[in-house]
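Listed below are the residues making up each chain.
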Amino acid sequence: MSKRFLIIFILILGVATGLSVVYLLSKRVPMNDELTVGNNPGNLYNGGLFFEMDGRVYFANPLENDCLYSMNPDESDVKAITVMATRNITGAGKYLYYYLDTNRTSLSNSNISGLGKVSTFYGLYRSETDGDNQKLLDRQRISDIQLVGSTLYYTVPQGEDAGVHTIRIDGKEKQLLTAEAFNPSCAYNGKIYYSGVELDHNLHSLDTLSNGSISTVLEGNVWQPIIQGDYVYYIDAAHHYRLCRTHLASQVTQVLTESRIDFFNMNDQNIFYATSESSNQTLRVMRLDGTGNTVIAEGVYHALSLTSKYLYFKPFDVDNVMFHVPIDGSEPVTTFLPYEGN
């Protein structure tokens, strides 16, 4: 009898151990490839309100106080994820990372669980792409977030903890990287390209693969750099905020437009930019070399966000209105109306 009991005990212990291992593995956050990058810098410079990944678009819904929603790139199958306002959306694999804003919530959808039931939370969060298993990674007031490899880089603009912080995507290894509160949104090939804040406004690169070594890439007053191919595109703040691109190898600079740029975003074919000059208040598009400059819409706009299908943008001083237009120009500008279930 004792031998039989021992065998049964060993079997039960084995099953329990196996189940424990399966449970722990299901809760483990897998690490990303070291060259993984989350959202594109143009979207993040414009608030990180849209992020496309694996055939799905995640966005801050303007009709629901910027709460987190998802949809297909053609704007079908709209689904709510949280009832708290979201920005700085980025991600990779099965996870999203974002900043939740406690100041703006929506209670129109009472079926959402998790963080949707909490009205006092704010900070850097991780969740699965459907909103499940939300986890607070750092309770900070954050201005910018980017994912590089398996590390989140995020900027705390003010206070005792001001600077750029890092945390591994599983919530471990949290640290202050630097007290210089630069914007880490532009990441490419294992490096973060950023504009200096304290000592200069040159373009620098931080190598995430070699203990954070820093080098100067381009001297000047560089704002919102985006690396695209052999060039860095940026707003030249030293010359009336015009838009330029500089060849990274030759350091030859080309002026793309002399207009004063408020915001810009770009994909592999075109640059979209907004200007609010008294004589030129327009949203425009041009090719990467500055040719083919065309007006998309008259007026003053911000929050220029790109997906594979659409350009989204907001008029100033109107929080709950957003416009969209196909990036190929095949249809006119219309109001974006993302209702759940569409």
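Since we're looking at a predicted model, the values are computed, not measured. Sequence order sets the numbering: in each chain, residues are counted from 1 along the sequence as written. Where totals are concerned, whole chains, interfaces and linings use all residues; where local detail is concerned, this predicted model gives features only for residues with pLDDT of at least 70, and gives and counts side-chain atom pairs only at 80 or more. For the side-chain quantities, the full set of heavy atoms in the structure was used; hydrogens and water were omitted.

Caption draft 1: The arrangement of the confidence of the model for the protein in detail. Confidence along the protein averages 90 in pLDDT terms, with 87% of residues attaining 70 or more. Residue range residues 18-26 is modelled with pLDDT below 50. Its contacts to residues more than four positions away, or to other chains, number 0 contacts. pLDDT expresses how confident the predictor is about each individual residue, on a scale running from 0 to 100. Two residues form a contact once any of their heavy atoms are found within 4.5 Å. Of the regions scoring below 50 in pLDDT, residues 109-119 engages in 19 contacts with residues more than four places distant in sequence or in other chains.

Caption draft 2: Here's a closer look at the sheet that holds strand S15 (residues 213-218). On the basis of which strands lie adjacent, the open sheet formed by 4 strands has the order S12-S13-S14-S15 and antiparallel pairing. Each edge of the open sheet is held by one strand with a lone partner, namely strand S12 (186-188) and S15. In this sheet, neighbouring strand axes are inclined to one another by 30° on average, regardless of whether the strands run parallel or antiparallel. Examined bridge by bridge, strand S13 (residues 191-195) and strand S14 (residues 203-207) share 5 bridges and lie antiparallel to one another. Across the sheet, isoleucine 192 pairs through a bridge with leucine 206, a residue of S14. Any two strands with at least two DSSP bridges between them are considered paired. Strands are runs of DSSP state E lasting at least two residues, helices are runs of H or I lasting at least four, and both sets are numbered from the N terminus onward. Every axis in this analysis is a line fitted to C-alpha atoms, fitted for helices over the stretch in contact. Angles between the N-to-C directions lie between 0 and 180 degrees.

Caption draft 3: Representation of the nonpolar core. Leu203, Tyr233, Leu243, Phe264, Met266 and Ile271 are the most contacted members of the largest nonpolar core, which totals 23 residues. For this core, the elements supplying multiple residues, two or more each, are S15, strand S16 (222-228), strand S17 (231-236), strand S18 (242-247), strand S20 (263-266) and strand S21 (270-277). A total of 4 residues in this core trace back to one element, the largest contributor, which is S17. Setting aside chain neighbours within four positions, we find methionine 266 in contact with Ile226, Gln228, Tyr233, Ile271, Leu288 and Leu306. What we call a nonpolar core is a set of buried Ala, Val, Leu, Ile, Met, Phe, Trp, Tyr and Cys residues that are connected through their side-chain atoms within 4.5 Å. Three exposure classes are used, based on accessible area relative to the maximum for each residue type with a 1.4 Å probe and protein chains only: buried under 20%, partly exposed in between, and exposed over 50%. The next biggest cluster of nonpolar side chains, apart from the first, holds 15 residues, and it includes Leu49, Phe59, Tyr312 and Phe336.

Caption draft 4: Structural detail: the pairing of strand S19 (residues 253-257). With 4 bridges joining them, S18 and S19 adopt antiparallel strand pairing. Counted as the bridge partner of cysteine 244 is valine 255 from S19.

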